[in-house]
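This is what each chain is made of:
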Amino acid sequence: MTAPAQRQRGAALLLLVAVLGLGAAGLLIGAFGRNTGEAARQQRTLLTVAQARDALLGFAAANGRLPRPAASALDGRERPADCAGDADCSGFLPWVALGVTGVDAWGKLLRYSVTPEMARAPIVSFSAVANRVVLGRDARGELMYLAGQDLCDVSAQCLPAVLFSQGRERFGTSASGVRQINTARGNVDEAANDSDSRRYVSRPAAQDGVPGGAFDDMLAWITVPALYQRMRAARNLP
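From a predicted model like this one, the values you see are computed outputs, not experimental measurements. (Residues numbered from 1 in each chain as written. Predicted model: local features only at pLDDT ≥ 70, side-chain atom pairs only at ≥ 80, totals over all residues. Heavy atoms only, no water.)

Novice: Looking at this structure, I do not really get the side chain of Asn193. What am I missing?
Specialist: With respect to the helices and strands, Asn193 occurs in helix 3 (residues 188-195). A residue is classified by how much of its surface remains accessible, and Asn193, at 0% relative accessible area, is buried. Polar side-chain contacts of Asn193 include one of 2.7 Å to the backbone nitrogen of Val201. (Helix = DSSP H or I, 4+ residues; strand = E, 2+ residues; numbered from the N terminus. Buried < 20%, exposed > 50% of the residue type's maximum accessible area, 1.4 Å probe, protein only. Polar contact = N/O pair within 3.5 Å; in protein donor to acceptor, adjacent residues only side chain to side chain.)

The structure is reproduced here in structure tokens:
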């Protein structure tokens, strides 16, 4: 084989290697890019939930109470009437009333549940009882209290409010009011968060095959000390 032919063959092989390398790199970038994009959406959602929590505290400082849930999936103002019970005080974050983004990074409305007594002004600190609770799962998969306890009273307060994103998968309602169908089985913790009005579950994200089932909800909550501290600083707590 002549030298020019050898050089041409070598150049062709290098070109083939380069093309294959670019293809492999493209596949890797695509895979990692999807993971990176999902991680970015999770971070944006966590920030949105944190900002909403701070806005709730700001609302309480200005109004002497926490807001009621949104009027509907399409109306981010507060529900006009006082909550008759726990179910009436559980729904969507009232994003218009708070002046914040009401959706997570997947376009789902943030959920919000507030103790009825904490959504009426004035909140009487020496008698008001916060009754929301958050549970997690221990190393054996058993439910345990992360915040609150079985009995909530003045001397052993539970939580004034809980808010959360329902994550990318399963459950949730879009900003246009369309509910996402639950496509999993055994995700009892997510199902509880979707339907309960007082008890909620917070734990690390997981797929099927673990106690409580698949889970990607992201929760935050407000404690009584945090609420009262903000309201006292604004001199709006009797």
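And the narrative resumes.
Novice: Quick question: what am I supposed to make of the pattern of salt bridges here?
Specialist: Charged atoms that come close allow side chains of opposite charge to pair. This model, assessed by the stated rule, comprises 15 salt bridges. Arg168 is paired through a salt bridge with Glu38; the nearest N and O atoms lie 3.4 Å apart. With Arg168 in the loop between strand 7 (161-165) and helix 3 and Glu38 in helix 1 (residues 3-63), this residue pair connects regions lying 130 residues apart in the sequence. For Glu38, a relative accessible area of 14% puts it in the buried group. Ionic pairing is found between Arg203 and Asp189, a salt bridge with its closest N-O pair at 2.7 Å. Taken as a pair, Arg203 in the loop between strand 8 (199-201) and strand 9 (218-222) and Asp189 in helix 3 lie far apart in primary sequence, 14 residues in all. Pair check on accessibility: Arg203 and Asp189 agree, each one buried. The structure contains a network of salt bridges with shared partners spanning Glu38, Arg41, Arg168 and Glu169. (Salt bridge = Lys/Arg side-chain N within 4 Å of Asp/Glu carboxyl O.)

Novice: What is the right way to look at unusual backbone geometry in this model?
Specialist: Negative phi is the rule for most residues except glycine; trans is the rule for most peptide bonds. Residue Pro122 follows Ala121 across a cis peptide bond; omega there is 0 degrees. For Pro122, the location among the structural elements is in the loop between strand 4 (111-114) and strand 5 (133-137). The residue Arg170 is not glycine, and still its phi comes out positive at about 60 degrees. One can find Arg170 in the loop between strand 7 and helix 3. What makes Arg170 buried here is its relative accessible area of 7%.

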